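What follows is the residue order along each chain.
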Amino acid sequence: MNSESTTTQISATTKAVINLSACRHNLLLAKKSSPDSNVIAVIKANAYGHGMLEIANTLNEADAFAVARVAEAIALRQAGITKAIVLLEGFSSEAELKLASEYQLECVIHHESQLQLLEQTKGNAIALWLKVDTGMHRLGFNPDDVKNISQRLEQIDTVNHPVKYMTHLANADDKHDKKTLNQVNTFYKSIEDITVEETSIANSAGILGWPQTHASWNRPGIMLYGVSPFINSVAADLNLKPVMTLSSSLISIKQLKKGEAIGYGGSYVCEKDMTIGVVAIGYGDGYPRHAKTGTPVLVNNKRCALVGRVSMDMICVDLGEQKNVQVNDPVTLWGEGLAIEEIAECADTIAYELLCGVTRRVEFIYSD
Ligand SMILES: *Cc1c(COP(=O)(O)O)cnc(C)c1O
């Protein structure tokens, strides 16, 4: 047997199982929560780390897709995706504008420089979303300038009319923050003197928490992957189903004595005699290095606590009183049975970052 066929028989211990039916369930929840709106499924950043093409191919019920960059959109077209694709950052050069038109991408226009490119570039027709900055202060035109910009767009014959209008919410993850309704008011006020047919405001938090933000198109992202968009809440509270389950297994078990230190820097010192498990996952796989001692980990579906520093390839866990635990026993880091929101909290980050950060060393397995 040659070495190549030997390696292909080894199934990875460290894997991310992607539950596609859970993803479709979450999309249907987005639709049910705002039944009069069309859905633009946001699949930027490799579908929040889940695999852009696999997610696009399972979300047949989406009305459109959104990505951030031209290359992401072209990859979708080259894979045969024919639905509308919204380019959330739009184009930033004549070359990108030409590609956007060639691949029939709907471009968000948010800056004067893009308007000038449109005015100067001869080419084929392009569909646009005019983005209004209602308080995020990242991308978008000043609300006071929107009327003037829309008149300039009227004059450009490569622009498909009518243009659509959008804005993005900054604080919708906090259901008590008044800024969200201020943003909605600012948005509608900025377009009140313009003939507008289609609009979009809501991200996941808007869809699930703020009916006032529902418009002709909604833009769910994080909820599609089964993560709560709200602070102090987990997916199960909202009937969302986690899509990614990150798992590995034990590769060593050892008995340590009170006073012995674990891992780099000896940052954790055993408070008593302890049974410690070593798990084959680390920051080289995307497990967050900043996860604190006490971060929950499931060993044989029972909660244990991470102890000591996360290494590149391994973490250590306190196996506590678990009986009959053995090398190769299964370990879950997040997903089904262990809320990723909880892990994010323990690592001083957000679930979005954890999902996007799973590395290529991890084997992705798609299940339905
Ligand atoms: C990423 C993004 C979304 C999706 O946001 P979620 O919080 O993941 O639902 C929607 N709109 C824009 C403009 C985005 O950049």
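Scroll up a little and you will see the structure.
Residues numbered from 1 in each chain as written. Predicted model: local features only at pLDDT ≥ 70, side-chain atom pairs only at ≥ 80, totals over all residues. Heavy atoms only, no water.

*Asks:* Explanation requested: the nonpolar core in the structure shown.
*Replies:* Inside soluble globular proteins, nonpolar side chains tend to come together where they are buried. The biggest cluster of nonpolar side chains holds 108 residues, and the ones touching the most others in it are I43, L118, L153, Y287, I315 and W334. Both of domain 1 (20-227) and domain 2 (244-367) provide at least three residues apiece to this core. Those residues in contact with Y287, other than ones at most four positions away along the chain, are I281, G282, T295, V297, V310, I315, L333, W334 and I343. Among the nonpolar cores identified, the runner-up in size contains 9 residues, and I276, V278, V307 and C316 belong to it. (Core = buried A, V, L, I, M, F, W, Y, C linked by side-chain atoms within 4.5 Å. Buried < 20%, exposed > 50% of the residue type's maximum accessible area, 1.4 Å probe, protein only. Domains from an automatic or database assignment. Contact = heavy atoms within 4.5 Å.)

*Asks:* How do you make sense of the packing of aromatic side chains when you look at a structure like this?
*Replies:* Centre-to-centre distance and the angle between the planes together describe a pair of aromatic rings. Within this structure, the stated rule accounts for 5 aromatic pairs. Measuring from ring centre to ring centre gives 4.7 Å for Y48 and Y225, while their planes differ by 25°; the resulting arrangement is stacked. Taken together, the positions of Y48 in helix 3 (residues 44-49) and Y225 in the loop between strand 9 (217-218) and strand 10 (244-256) put the pair 177 residues apart, joining distant regions of the chain. Given a relative accessible area of 6%, Y48 falls into the buried group. Aromatic side chains Y287 and W334 sit 6.4 Å apart centroid to centroid with 15° between the ring planes, which places their arrangement in the stacked category. Residue Y287 is found in the loop between strand 13 (274-279) and strand 14 (296-299), and its partner W334 is found in strand 17 (residues 330-334); the two are separated by 47 residues along the sequence. Taking the relative accessible area as the measure of exposure, Y287 reaches 1% and is therefore buried. Residue class for W334 comes out buried when judged on its relative accessible area of 0%. (Phe/Tyr/Trp six-rings, centres within 6.5 Å; stacked < 30°, edge-to-face > 60°. Helix = DSSP H or I, 4+ residues; strand = E, 2+ residues; numbered from the N terminus.)

*Asks:* Honestly, helix 6 (residues 94-102) in this entry has me stumped. Any pointers?
*Replies:* One full turn of an α-helix is made of 3.6 residues, so residues set three or four places apart face in the same direction. Restricting attention to buried positions, one finds in helix 6 the residues L97, A100 and S101. End-on, the buried residues of helix 6 take up no more than an arc of 95°, which puts them together on one face. For helix 6, exposure combined with an orientation more than 90 degrees from the buried face picks out A95 and E102. As for helix 6, its buried residues are in contact with strand 5 (106-109) and helix 7 (112-120). Of the residues flanking the end of helix 6, it is Q104, one or two places downstream, whose phi is positive at about 55°. (Arc of directions from axis to C-beta.)

*Asks:* Please explain the side chain of Q114 as it appears in this structure.
*Replies:* Structurally, Q114 is set in helix 7. Taking relative accessible area as the criterion, Q114 reaches 2% and is therefore assigned buried. At 3.4 Å, the side chain of Q114 and the backbone oxygen of E89 are in polar contact. Apart from the residues lying within four places of it in its own chain, the contact partners of Q114 are E89, G90, F91, V108 and I109. (Polar contact = N/O pair within 3.5 Å; in protein donor to acceptor, adjacent residues only side chain to side chain.)

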